[in-house]
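Observations on the three-dimensional arrangement
Now for the letters of each chain:
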Amino acid sequence: MLTPVLPLIGPAALFGVAVLALFTPGRRPVATLRLVRAGGLVALLGAAASVLALATPIGAGVPLDAVSATLLLLVSFIGWIVLRFAASYLDGEARQGAFMGWMAATLASVLVLVQAGNLVVLCLAWIATGLLLHRLLLFYPDRPAAQRAARKKACVARAGDAALIGAAVLLATGYGTLDIAAILSEAGQGVAPAGLGWAAALLAVAAVLKSAQFPFHGWLTEVMEAPTPVSALLHAGVINAGGFLLIRFADVMLLAPGVLAVLVILGGFTALFGGLVMLTQTAVKTSLAWSTIAQMGFMVLQCGLALFPLALLHIVAHSLYKAHAFLASGGAVEQVAAIRRPGPVAVPDARAVGRAFALALVIYGAIGFGFGLDSKSPQAIALGAILVFGVAYLIAQGLADAAPRALTRRTVAYAAAASVSYFALQTGAEWLTAGVLPATPAPGPLEIALIVLALFSFGAVALAQSMFPLWAYHPAAAGLRVHLANGLYANAALDRLLGGWTHPRRSA
């Protein structure tokens, strides 16, 4: 039967066209471009056929589960779009054929990564993805900024590679097998061999480095020298590998609650930090890069709270949004110029903000009870509340004294829609991954303390955002914006710590 090899059709086709493209590296290799686009389409059709087969009685022969099938279809779809975009975006470039070859090879390695069932294959695909991405980041090798960013990315990537290899060795030694499914089965039964804690910690380190978490986030904001298709593939696909690693080894991570607690703290801080810095950026692509840092931080927070189905859902939603955002970034200036300047906006006072937050939580609670709030984990309830905090900003404008009634009704409808969407999508994600990803365990004292900390932190930031017009013009706020625009200088501090990133000064 062909079902066992269906998921391999896409990587094989892309690797094949990548080799052919590298033999025609010059400008406008028409036949090569057609082959690369065809390879992307074959990968998408192969992924779709694999998912369809998995949902039928013959699915037992497909070496995929809900996690790998979801990401296989997601990556192949985004890859097909990006390859088509790149073929016209780089029209006339001197090394267009080589670029398309390296991009096809990178996409193929990601497809192998998300369906790897063996620790050796997982490590090789992980390393290959980083090395191939490095070639894309240096598509303009003479640009000093590109050289610097690629070197920093390579340093972080090699550290992540070493962490993953170390984790794989510990897992293979402890469980006596290289088969990932067998390891997860043992871990799901509570089997924790010696060195399990260290293996989980190394998996977390590899994921943190891959997903650009604070303070190792600087390289992601500096790789904007690469062509836009590279940014789209990186932000919508490659960077999700960190979250995928945590989700793939969810059963192992649950046996190391201390590691999960660290992920909650680090991911939560990165999400808040990246979101605040993003608001101060003026360049479109740089703002999108900081948005990715914040989103990856929120995803790591979800994994730390053991909400692995929601983290998988987050990957899908973020990938689709960010791919579109980068591919459409070139027209952002024209779009902004075409928008008419809005009329006066209702400015809420402190009382309106307080009522907005209370109303948002009441709406959230009422809808939650309709979805069986009592059966939801405290972690999932808290995460939903954090998301609703963002909607409270809109409700605050609607409750301002100067706001028209239509705006008030509309903002309340937004809160209701956000709550319904959250619970519906959460229920769907848990149903889809039932039996594949572990259920969220009941929180202990440490987890409860972290949940309270997360609620307080995100609530405080949402409150500050809602009252932004009241304090934005304070002298202290101006200074804060400057520091945030520079990322609180964390990237500069890391550069100085690592040393050697700046180009040597020319002698007088």
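These lines cover the structure that appears in this document, whether it is placed above or below. (Residues numbered from 1 in each chain as written. Predicted model: local features only at pLDDT ≥ 70, side-chain atom pairs only at ≥ 80, totals over all residues. Heavy atoms only, no water.)

1. Observations regarding the packing of aromatic side chains
Following the criterion strictly, the structure yields eight aromatic pairs and no others. Ring plane angle 70 degrees and centroid distance 4.9 Å describe the contact between Phe214 and Phe269, whose orientation is recorded as edge-to-face. Residue Phe214 is found in the loop between helix H8 (196-210) and helix H9 (218-222), and its partner Phe269 is found in helix H13 (residues 257-278); the two are separated by 55 residues along the sequence. Residue Phe214 is classed as partly exposed on the basis of its relative accessible area, which comes to 22%. Residues Tyr422 and Phe423 carry aromatic rings whose centres are separated by 5.3 Å and whose planes lie at 70 degrees to one another, so their mutual orientation is edge-to-face. You'll find Tyr422 and Phe423 in the same group, each marked buried. Grouping aromatic residues by their ring pairs yields a cluster made of Phe214, Phe269, Phe273 and Trp290. The ring of Trp219 has Lys153 sitting right over it, with the charged end atom 5.0 Å from the ring centre. (Phe/Tyr/Trp six-rings, centres within 6.5 Å; stacked < 30°, edge-to-face > 60°. Helix = DSSP H or I, 4+ residues; strand = E, 2+ residues; numbered from the N terminus. Buried < 20%, exposed > 50% of the residue type's maximum accessible area, 1.4 Å probe, protein only. Lys NZ or Arg CZ within 6 Å of the ring centre and 35° of its normal.)

2. Looking at the layout of surface pockets
In this structure, the second largest pocket occupies an estimated 330 Å³ of space. In terms of lining, the second largest pocket is formed by 17 residues, of which the most central are Asp65, Ile180, Ala181, Leu184 and Arg248. Ranked by residue count, the leading element in the lining of the second largest pocket is helix H7 (residues 180-188), at four residues. Among the residues making up the lining of the second largest pocket, the classes are represented as eight nonpolar, five polar and four charged. (1 Å grid on protein atoms, 1.4 Å probe; cavity = no way out; pocket = protein on both sides within 12 Å on 5 of 7 lines; lining within 4 Å. Points joined across faces, edges and corners; volume = space filled by probe spheres on them. Nonpolar A, V, L, I, M, F, W, Y, C, P; charged D, E, K, R; others polar.)

3. Thoughts on the pattern of salt bridges
Within this structure, the stated rule accounts for two salt bridges. Of the charged contacts, one joins Asp65 and Arg248 as a salt bridge, the two residues approaching to 2.5 Å between their closest N and O atoms. Of this pair, Asp65 sits in the loop between helix H2 (30-54) and helix H3 (66-89) while Arg248 sits in helix H11 (residues 241-248), and the two are 183 residues apart along the sequence. The salt bridge involving Arg158 is made with Asp161; its shortest N-O contact spans 2.9 Å. Note that Arg158 and Asp161 are positioned in helix H6 (residues 144-175) at a spacing of three residues, about one turn of the helix. Residue class for Asp161 comes out buried when judged on its relative accessible area of 6%. (Salt bridge = Lys/Arg side-chain N within 4 Å of Asp/Glu carboxyl O.)

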